[in-house]
Amino acid sequence: MAEFQSVRGFHDVLGEDLKRFRYVSDSIRKLLKLYNFEEILLPVVEYLEVFQRSIGEITDIVQKEMFVFQDRKGRWLALRPEGTAGAVRAYIQNKLYALKPYTKLFYEGPMFRYERPQAGRYRQFHQIGAEVFGIQDPQVDAEMIDLVYTVLSKLGIPATIEINSIGCRVCRPAYREALSEYLEKVVGHLCDVCMDRKDKNPLRVLDCKVDTCKSAVKDAPKMVDYLCQECREHYNTLKSYLDKLSVPYRENHYLVRGLDYYTKTVFEAVSDELGITLIAGGRYDYLVEELGGPPTPAMGFAVGIERLSMLIKDLPQEEPLYMVLPFGDVMDYALEVVKKLREMGRRVELSYRKAGLKKQLELANKLKADFVVIIGEDEKKNRRITLKDMRTGKQETINFPELVHETL
Ligand code: ATP
Ligand code: MG
């Protein structure tokens, strides 16, 4: 038994899991480049207020999920639970609004939430997120949802994209009122937490995972019926763009998302296989201003890398592995061969094991070598190598380095 275990909810990522993780992350990064997003590296720690002000006080994240601590001077800090708040803080602090009429950023890194750990839910997890600052037009919303759809298609992950509009400062107050009135009528079915949410932030009740709450809001009024003209047009135009792009979506009129900063468009991609949310995002037209920047509409989403990784069935084939097996006093020549093969771009493992052919071949099999390169005293003397294809068993001796270029 190891003396120490990793902290609950914090995991080592290694082996096949890490291969899937990197495949997901690399594929998304490649797509983000095609959509011309620029990367930003954000700190893991921010002042607590950055999250309180943006995510909102009456949310699960701020009320119970954040890792909060004081530094030695007594300032309140938090490990970031998500990336948007920090991205907005950075956008304002670095005055990115002054450089270009609009800004497209992406970030990647660990996030921290004090949740009950279970499959696909950890206390340290990783997100890649993208944000567009400075454009209100629904063309951005369409392009972002198209990007999410492309990510899922590229990775071969079956999922359904759900969309909704949650309105703006103009139209949401009337909806909030109507929803509050409705909730008063079903109070008997609401959980304790929702009894509190009902008065302070009624939209949060729509996001509750408790079964009785879920059924209690089945007939609740829908935001789409309360949208002002601007929000309605925005929503309708977005849908027409998505149709044009052949991006399939389902309208979910009770989708509100767990953070307060959203306006107009909200969306999620939900796994068809597991029913859990994989990617989530939306528009947040007031957040930049609320954190002290100039009024700037914005839109973004975040991908849960572990959740996508869980759903990756087949990884792309790796580069073939060449295992070099030296026999006798040939290490100088073996090192030369290894260096040359690597210069040629081959994936090469040099065996450090001192053993006979049988044991060495066993090791090569264990390491899943596609080829072994046998180097004995004869090979060294004649500057040759013996190449054995482990998949077919075919073996040939070739000159080094001239013939190697032709053969490999
Ligand atoms: P959920 O409803 O599953 O708690 P959420 O609404 O809190 O998700 P967001 O804050 O929107 O999630 O984060 C975006 C994505 O990050 C999620 O869709 C999910 O893929 C991932 N994610 C969120 N929390 C966790 C976690 N604790 N562990 C692993 N991935 C997570
Ligand atoms: Mg959550």
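Residues numbered from 1 in each chain as written. Chains lettered and ligands numbered in written order. Predicted model: local features only at pLDDT ≥ 70, side-chain atom pairs only at ≥ 80, totals over all residues. Heavy atoms only, no water.

## Some thoughts on the nonpolar core
We apply this condition: Here, the term nonpolar core denotes a set of buried Ala, Val, Leu, Ile, Met, Phe, Trp, Tyr and Cys residues that are joined through side-chain atoms within 4.5 Å. A simple rule labels every residue: compare its accessible area, found with a 1.4 Å probe on the protein chains alone, to the largest value its type can have, and call it buried under 20%, exposed over 50%, or partly exposed in between. A run of H or I in DSSP counts as a helix once it spans at least four residues, and a run of E counts as a strand once it spans at least two, with each numbered from the N terminus. Throughout, a residue-residue contact means that at least one pair of heavy atoms, one from each residue, lies within 4.5 Å.
Counting 100 residues, the largest nonpolar core has F37, I279, F301 and L308 as its most contacted members. The element best represented in this core is helix α5 (residues 138–155), accounting for nine residues. Once residues within four sequence positions are removed from consideration, F301 is found in contact with Y107, I128, G129, A130, E131, M144, L147, V148, F267, I279, A280 and G281. Among the nonpolar cores identified, the runner-up in size contains 18 residues, and V330, I385, L387 and F400 belong to it.

## Observations regarding the sheet that holds strand β8 (residues 250–251)
For clarity, the threshold we go by: DSSP-based pairing: two strands are paired if at least 2 bridges between them are found.
Here we have eight strands laid out as an open sheet, ordered β1-β5-β6-β11-β10-β9-β7-β8, and mixed in their pairing. In this open sheet, the two strands that pair with only one neighbour each are β1 (38–39) and β8. Relative to β8, strand β7 (residues 159–165) runs parallel, the two being bridged by two bridges. Bridging from a neighbouring strand, I163 pairs with E251 of β8.

## Some details on the sheet that holds strand β14 (residues 371–375)
Just so we agree on the cut-off: Each axis is a line fitted through C-alpha atoms, and for a helix only the stretch in contact is used; angles between axes span 0 to 180 degrees, taken between their N-to-C directions.
With respect to topology, five strands assemble into an open sheet ordered β13-β12-β14-β15-β16, the strand pairing being mixed. Each of the sheet's edge strands pairs with one partner strand only, and the pair in question is β13 (347–350) and β16 (395–399). Across the sheet, the axes of successive neighbouring strands diverge by a mean angle of 25 degrees, strand direction being ignored. One ladder, built from four bridges, connects strand β12 (residues 321–326) with β13; its direction is parallel.

## With respect to the site of ligand 1
Rules: For this purpose, a residue is taken to be near a molecule or strand whenever a single non-hydrogen atom of the residue falls within 4 Å of it. Polar contacts here mean pairs of N or O atoms no more than 3.5 Å apart (in protein, one a potential hydrogen donor and the other a potential acceptor; neighbouring residues in sequence count only if both atoms are side-chain atoms). For the accessible areas, the method is Shrake-Rupley and the probe is 1.4 Å, while residue cover comes only from the protein chains on display.
Among the 16 residues in the neighbourhood of ligand 1, the closest are listed as R113, E115, R121, R257 and L278. Note that an oxygen atom of ligand 1 is positioned 2.7 Å from one of the side-chain N or O atoms of R113. Contact distances for ligand 1 include 2.9 Å between an oxygen atom and a side-chain N or O atom of R307. In isolation ligand 1 offers 580 Å² of accessible surface; the protein chains occlude 92% of this area. Of all the secondary-structure elements, those providing two or more residues to the shell around ligand 1 are β6 (124–133), β10 (277–283) and β11 (298–304). Per element, the largest residue contribution to the shell around ligand 1 is four residues, and it comes from β10.

## Side note on the domain arrangement of the protein
Using the following cut-off: Throughout the structure description, domain borders are defined by an automatic or database domain assignment.
Considered domain by domain, the protein is made up of domain 1 (15–171 + 227–310) and domain 2 (321–402). Of note, the centres of domain 1 and domain 2, computed from C-alpha atoms alone, are 49 Å apart.

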